[in-house]
Amino acid sequence: MNLHLQRLPSARPGMAFGARVAALVLALLTAAAVLAAAGFAPLDLAAQVLRSTFGSRFGLEDLGLLLTPLIYTGLAVAVGLRIGAWNIGAEGQFNIGAFCAAGVALFVPGPVWLLLPLMMVAGAMGGALWILVPTLARAYADVSELITTLLLNFVALLLVYFVATGPWLDPSGHALATTARLPVAVPEFWGIVHWGFPVAVALALLLAVVFAFSRWGYEVRISGSNPGAARYAGIPVTRHLIGVMLLSGALAGLGGMMEVAGTVGRLQGGISNNYGYLGIMVAVLARAAPLGVLASALLMAVILNGGIILQTQGLTTNTVLAVTGLILLFSAIGDELAHYRVIRRQEKG
Amino acid sequence: MTLIRELSRRGFLNMGAAAGLGLMLPKTGLIRPAFAAAPLPPVAEEAAMIAWGYVGPTADEGWTWAHDQGRLAVEKAFPKLKTSFVESVPYSADASRIYRQFVADGANMVFANSNYGDFLYDVAKRAPEVAFYECDGRLAMENLGTYYVQHWYPSYVTGVAAGLMSKTGKLGYVASFPVPSVYSGTNAFLMGARSVNPAATVQAIVINSWFDPQAAAQAGTALLDNGCDVLFGIMDEAAYLQVAEQRGAKAVMWNTDIRRYGPSAYISSIMVDFGPWYVEQVRRRLAGEWTPSEDILPMAKGVDRDAWGESVPPEVAAQADAAREKILSGWSPFTGEIKDSNGAIKVAAGQTMTERELYEWNWSIEGVSGLDA
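Residues numbered from 1 in each chain as written. Chains lettered and ligands numbered in written order. Predicted model: local features only at pLDDT ≥ 70, side-chain atom pairs only at ≥ 80, totals over all residues. Heavy atoms only, no water.

1. Description of the overall build of chain B
Then, number 1: In terms of regular secondary structure, chain B is built from 11 helices and 15 strands.
Then, number 2: Partitioning the contacts of chain B with sequence separation of at least 6, the portion at a separation of at least 24 is 66%.
Then, number 3: When the accessible surface of chain B is summed, it comes to about 13,100 Å², and 52% of that surface belongs to carbon and sulfur atoms. (Helix = DSSP H or I, 4+ residues; strand = E, 2+ residues; numbered from the N terminus. Contact = heavy atoms within 4.5 Å. Areas by Shrake-Rupley, 256 points an atom, 1.4 Å probe, with all protein chains shown as cover.)

What follows is the structure, given as structure tokens:
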């Protein structure tokens, strides 16, 4: 009798969850060990992060504000993954969503109750338009969306820089390299947390229901896991691919709209704050499940917010990036290991 | 509350005359708004916490390093107080989070380097008991002041040297963003160069960052490829100096003496020293005397050219230094007629630009390309 490892086609849920928790713990322990070696007191730092984040209403509001864009971009990437499309361009779609929404707010006169929905539509459509070419290229010419969506990020960022420092530059002169303050803002929901947050949570719930219970959700899942079989079964895979990728872009664009009109108030170059790229981590940690996105976005927001607290304690921003990287690395290892089980094989006589 | 921008020019001039006796701004008038607000209450040195938010890493050997030297000077002058700093503060909602965290950590005074705008103002409004300073800021509040340097004067002086040393007459500029400090830097540099070579031009490339050595090196290379043979810029590090050194061109830098990255390319640098100013502001805060000020440190008192580089001929150095002496004795090179890049006359003949106009310069003069959209 000896022991063997057997690889399963899909990880068992219990194992997957356990591996995820173990990965998180191991990543934090590794980071703590490195910090301790560098002369910091990791337990004190952790206590301070938790106290500053959860110990006051001020900390919780900040967390909600940081969580909001991560849910949008996390959902954007997660939705794409459902059909096997890697939307690396959420960063660019986020910027374009902010750009379109800011354009409406700055140049379309009208009452707030009309402008806000219009800005949401403009943001979502801007995001969808920004992923349109990569989508069609993937659907009809089999061009990898990994590259096309990624490269368009830089175009979007330069476009935002161009208008914010050029044609749309704040005429008052108070603020540099940014547009004027938008005359329309997303109303506040809880303290400084605006209505973009409950909308994001509602979208996650809606998507979870749609993917779990609708025919469309089922067909998308099948199209993602086995396109050949899906086609054979008569599922319009290409149509679903196009629809899902456009939805992905729209979610990221809507996130950009909420950030510019809810949190920042002006369109400027740094507005996306890497939320698009962080969304990839959020979605991967969530295994592309919309409800999982809520959990992993919360985790990411706590880590990033913790990072800011750590920076005021003398750690560099790179340390924080390294911790998030460790979590992703350990999670990837854990996910792979969760596919294996140990079996006992009888020696054949 | 008085907003600086809302004062008339006459009001400014009057205030400038009154403030002319003040300590840091002998020449122009730092425009010191008369705030009705009482000074913030005193703070015991051992209970004080002073915080800095930096745009780049302190190891940049440039802008951020220079400000961190100021922080260290404060620590030395007031050994019992605590200082705190965060490097590479981004221009996003994270900036507000960082400044809010300073307030939550108990900071009595916060310095922001620089241009954080609303991200800082939103925090300052909610923390009236904390003194804030925004470097290169454009807004004053009851607990928020502004500080910067009159870098346009040493930029003019180094421009004279660049004009004399350039063979092609084409000068290059590695720009961060099209903001007033870049407009005044390029314009002053070209006016200095044109005082000795009327055909000189400046071509600018915007890289959308204050600290991005790779992009700065690419921009420097592109400018040299375009025929420029002297580079200037407003970068926090030395990348385009290294490019100039490799290509046999010349360069004028910012912030610190970084000639070791390109000893033969190095002409000079716009040197900054904020240490004494930081110490004075912290002293005022601790003593309960602090009200917001707008301090644009003049040449020879916070900003100046660096000692000339080894390849600068003595006669070039002498000619540029003559311009420097003239400025220090009260002459302003920023006197009309000055045309903008479209050829329209913006400053009439004989008219001299005010310090405020120089600080808020947002158009390119004739001969500067690459900034106006």
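2. Details of the UniProt feature "domain: ABC transporter substrate-binding protein PnrA-like" (unreviewed entry) in chain B
Then, number 1: UniProt annotation of "domain: ABC transporter substrate-binding protein PnrA-like" (unreviewed entry) refers to residues 50-295 of chain B when read in the numbering used here.
Then, number 2: Helix makes up 41% of residues 50-295 of chain B and strand 23%, whereas the separation of the span's terminal C-alpha atoms amounts to 19 Å. (UniProt positions renumbered as here; feature names shortened; annotations may be inferred.)

3. Thoughts on the interface of chain A and chain B
Then, number 1: Opposite the 35 residues of chain A that make contact, chain B presents 33 residues.
Then, number 2: When the two sides are added together, the surface that chain A and chain B hide from each other amounts to roughly 2,700 Å², 57% of it contributed by carbon and sulfur.
Then, number 3: For the chain A face of the interface with chain B, the top three residues by lost area are H174(A), L176(A) and T312(A), together amounting to 24%.
Then, number 4: At the boundary of chain A with chain B, the tally comes to four salt bridges. (Buried area = accessible area lost by both parts, 1.4 Å probe. Salt bridge = Lys/Arg side-chain N within 4 Å of Asp/Glu carboxyl O.)

4. A look at the layout of surface pockets
Then, number 1: Volume-wise, the largest pocket comes out at about 1,400 Å³.
Then, number 2: Along the walls of the largest pocket sit 41 residues, with N273(A), N274(A), S88(B), P90(B) and Y91(B) positioned nearest its centre.
Then, number 3: Secondary structure elements with two or more residues in the lining of the largest pocket: α4 (90-107), α7 (145-165), α12 (275-285), α13 (290-312) and α14 (317-337) of chain A together with α3 (93-104) of chain B.
Then, number 4: Taken together, the residues of the lining of the largest pocket break down into 23 nonpolar, 15 polar and three charged.
Then, number 5: When residues of the lining of the largest pocket are assigned to domains, at least three map to each of domain 1 (4-150 + 273-297) and domain 2 (152-270 + 304-369) of chain B. (1 Å grid on protein atoms, 1.4 Å probe; cavity = no way out; pocket = protein on both sides within 12 Å on 5 of 7 lines; lining within 4 Å. Points joined across faces, edges and corners; volume = space filled by probe spheres on them. Nonpolar A, V, L, I, M, F, W, Y, C, P; charged D, E, K, R; others polar. Domains from an automatic or database assignment.)

5. Comments concerning the sheet that holds strand β2 (residues 82-86) of chain B
Working definition: the strands of a sheet are paired by backbone hydrogen bonds and lie parallel or antiparallel to each other.
Residue and element names in this part refer to chain B.
Then, number 1: Strand order in this open sheet of six strands is β2-β1-β3-β4-β5-β11, and the pairing throughout is parallel. Strands with a single pairing partner mark the edges of an open sheet, and in this sheet they are β2 and β11 (294-297). Adjacent strand axes in the sheet meet at a mean angle of 15° when their direction is disregarded.
Then, number 2: As paired elements, strand β1 (residues 49-54) and strand β3 (residues 109-113) share five bridges and run parallel to each other. Counterpart to G53 in the pairing with β3 is A112. (Pairing = 2+ DSSP bridges. Axes fitted to C-alpha atoms, helices over the stretch in contact; angles between N-to-C directions.)

6. Digging into helix α3 (residues 57-82) of chain A
Residue and element names in this part refer to chain A.
Then, number 1: Given a rise of 1.5 Å per residue, 26 residues ought to cover 38 Å, and the 36 Å separating the end C-alpha atoms of α3 matches this to within 8%.
Then, number 2: With 23 of 26 residues buried, α3 lies mostly within the body of the structure.
Then, number 3: Just past α3, the residue G84 takes up positive phi, approximately 80°. (Expected span 1.5 Å × (residues − 1). Buried < 20%, exposed > 50% of the residue type's maximum accessible area, 1.4 Å probe, protein only.)

7. Thoughts on the packing of α3(B) against helix α4 (residues 118-126) of chain B
When two helices pack together, their arrangement is given by the angle between the helix axes and by the axis-to-axis distance.
Residues and elements named next belong to chain B.
Then, number 1: Running from N to C, α3 and α4 cross one another at 30°; their axes reach a closest spacing of 8 Å. Between α3 and α4, the crossing angle belongs to the class labelled roughly parallel. Judged by the twist between their axes, the crossing of α3 over α4 is right-handed. For the pair α3 and α4, contact is made by A93, A95, S96, Y99, R100 and V103 and by F119, L120 and V123, respectively.
Then, number 2: Tallied by class, residues from the contact of α3 with α4 come to seven nonpolar, one polar and one charged. (Parallel < 35°, antiparallel > 145°, perpendicular 65-115°, else oblique. Left-handed = near helix turned anticlockwise from the far one by under 90°.)

8. Re the side chain of R138(B)
Residues and elements named next belong to chain B.
Then, number 1: Among the structural elements, R138 can be located in the loop between β4 (131-135) and β5 (144-149).
Then, number 2: A distance of 2.8 Å separates a polar atom in the side chain of R138 from a polar atom in the side chain of D136.
Then, number 3: Separated by 3.0 Å, the side chain of R138 and the backbone oxygen of Y359 make a polar contact. (Polar contact = N/O pair within 3.5 Å; in protein donor to acceptor, adjacent residues only side chain to side chain.)

9. Brief notes about the pattern of salt bridges
Then, number 1: If you walk through the whole model with that rule in mind, you get 27 salt bridges over all chains.
Then, number 2: Between R305(B) and D321(B) there is a salt bridge whose closest N-O contact spans 2.6 Å. Here R305(B) is found in strand β12 (residues 303-305), whereas its partner D321(B) is found in helix α10 (residues 314-328), with 16 residues between them in sequence. Each member of the pair, R305(B) as well as D321(B), carries the same accessibility label: buried.
Then, number 3: Between D340(B) and K346(B) there is a salt bridge, with its nearest N and O atoms 4.0 Å apart.
Then, number 4: What makes K346(B) partly exposed here is its relative accessible area of 43%.
Then, number 5: Linked by salt bridges that have partners in common, D170(A), R181(A), R266(A), D118(B) and D122(B) make up one network.

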